[in-house]
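As a plain string of letters, each chain reads:
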Amino acid sequence: VGLIGLGSPERGGVLGAGEVTVAGVDVAAGNEVELDLDEPIAVHVAAGSGQAPPVEVELALSVLGAPFGDDIGDVAASGASELDLSGSRYLVAGTVTGEVTLRDAAGGERSHQFPVTSAANPWLTVPGIACVIVVLVLLAFAESFLRSLRRGRKPFAARVGLVIVGAALGAVTAVVGWVAGSGEPDITTLVVAGVLGAVAGVAAGIAAGRLSKRSRRRAATPAG
């Protein structure tokens, strides 16, 4: 569930087809826009849209509704603008939501959301590296709790720990799927994956506890 996902964020807006392109891609078409965040991003606003001509354009990035990068630029007479999102180049690990906003001289705004990916290697970003570290740490905790249960030590604490670790691993799996290219996760995916991970932790705790009891019974049974 975490790797595949249960859905994706809703995107869209009020901009018409061909009205705005980002890196040469029409944002209203709904296609993914691949950005090289190390370079300036070309934004072009078409003339003659029937709306008040925009004087300013903003491009922002977010994931799960949390913004993490944006830039604002003036719209030239030709409709062209270049924006800089290089500060986000180590944060875009998978598909995120891009939003372009046009502002006119009277303060009116029109915006559109669309999927964005980065041309960089996702595993060399902050989320990619963090995923690997967090998964390894959680697996180490899980192994430690299972070992305690097998040895009959602190069974209650170990079972609680496995539930917490399982829930965390479930949620992190959704993030791993995002980094691996399954698309931007939504809250539903994170919650369901976390709940299933917690259930797996409960099952693992029960199984380890039963194995421990079986081993102690065998050790207490006289040979022959």
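Residues numbered from 1 in each chain as written. Predicted model: local features only at pLDDT ≥ 70, side-chain atom pairs only at ≥ 80, totals over all residues. Heavy atoms only, no water.

1. Quick word on the environment of Ala 204
Okay, step 1: Within the secondary structure layout, Ala 204 lies in helix H3 (residues 187-220).
Okay, step 2: In sequence terms Ala 204 and Gly 166 are 38 residues apart; their C-alpha atoms lie 9.2 Å from each other.
Okay, step 3: Apart from residues lying up to four places away in sequence, Ala 204 is in contact with Leu 146 and Leu 162. (Helix = DSSP H or I, 4+ residues; strand = E, 2+ residues; numbered from the N terminus. Contact = heavy atoms within 4.5 Å.)

2. A word on unusual backbone geometry
Okay, step 1: Unlike most non-glycine residues, Ala 23 shows phi in positive territory, near 55°.
Okay, step 2: Counting through the fold element by element, Ala 23 comes out in the loop between strand E1 (20-22) and strand E2 (25-26).
Okay, step 3: At Leu 64, a residue that is not glycine, the phi angle is positive and equals roughly 55°.
Okay, step 4: Note that Leu 64 resides in the loop between strand E5 (54-63) and strand E6 (66-74).

3. Digging into helix H1 (residues 126-150)
Okay, step 1: The terminal C-alpha atoms of H1, which comprises 25 residues, lie 36 Å apart, in line with the 36 Å expected from a rise of 1.5 Å per residue.
Okay, step 2: Buried within H1 we find Pro 127, Gly 128, Cys 131, Leu 138, Ala 142 and Leu 149.
Okay, step 3: Just downstream of H1 lies Gly 152, where phi reads positive at about 75°. (Expected span 1.5 Å × (residues − 1). Buried < 20%, exposed > 50% of the residue type's maximum accessible area, 1.4 Å probe, protein only.)

4. Overview of the side chain of Glu 184
Okay, step 1: Checked against the element boundaries, Glu 184 lands in the loop between helix H2 (155-180) and H3.
Okay, step 2: On the basis of relative accessibility, which here comes to 4%, the residue Glu 184 falls in the buried class.
Okay, step 3: At a separation of 2.8 Å, a polar atom in the side chain of Glu 184 contacts the main-chain amide nitrogen of Leu 64.
Okay, step 4: Of note is the side chain of Glu 184, whose polar atom sits 2.8 Å from the side chain of Thr 97.
Okay, step 5: Aside from chain neighbours lying at most four places away, what touches Glu 184 is Gly 7, Ser 8, Pro 9, Arg 11, Ser 62, Val 63, Leu 64, Thr 95, Val 96, Thr 97 and Trp 178. (Polar contact = N/O pair within 3.5 Å; in protein donor to acceptor, adjacent residues only side chain to side chain.)

5. Description of the pattern of salt bridges
Okay, step 1: What the rule picks out here adds up to eight salt bridges.
Okay, step 2: One salt bridge connects Glu 184 with Arg 11, and the closest N-O pair in it is separated by 2.8 Å. One end of the pair, Glu 184, is in the loop between H2 and H3; the other, Arg 11, is in the segment before E1, with 173 residues separating them in the sequence.
Okay, step 3: Among the residues examined, Arg 11 registers a relative accessible area of 30% and is labelled partly exposed. (Salt bridge = Lys/Arg side-chain N within 4 Å of Asp/Glu carboxyl O.)

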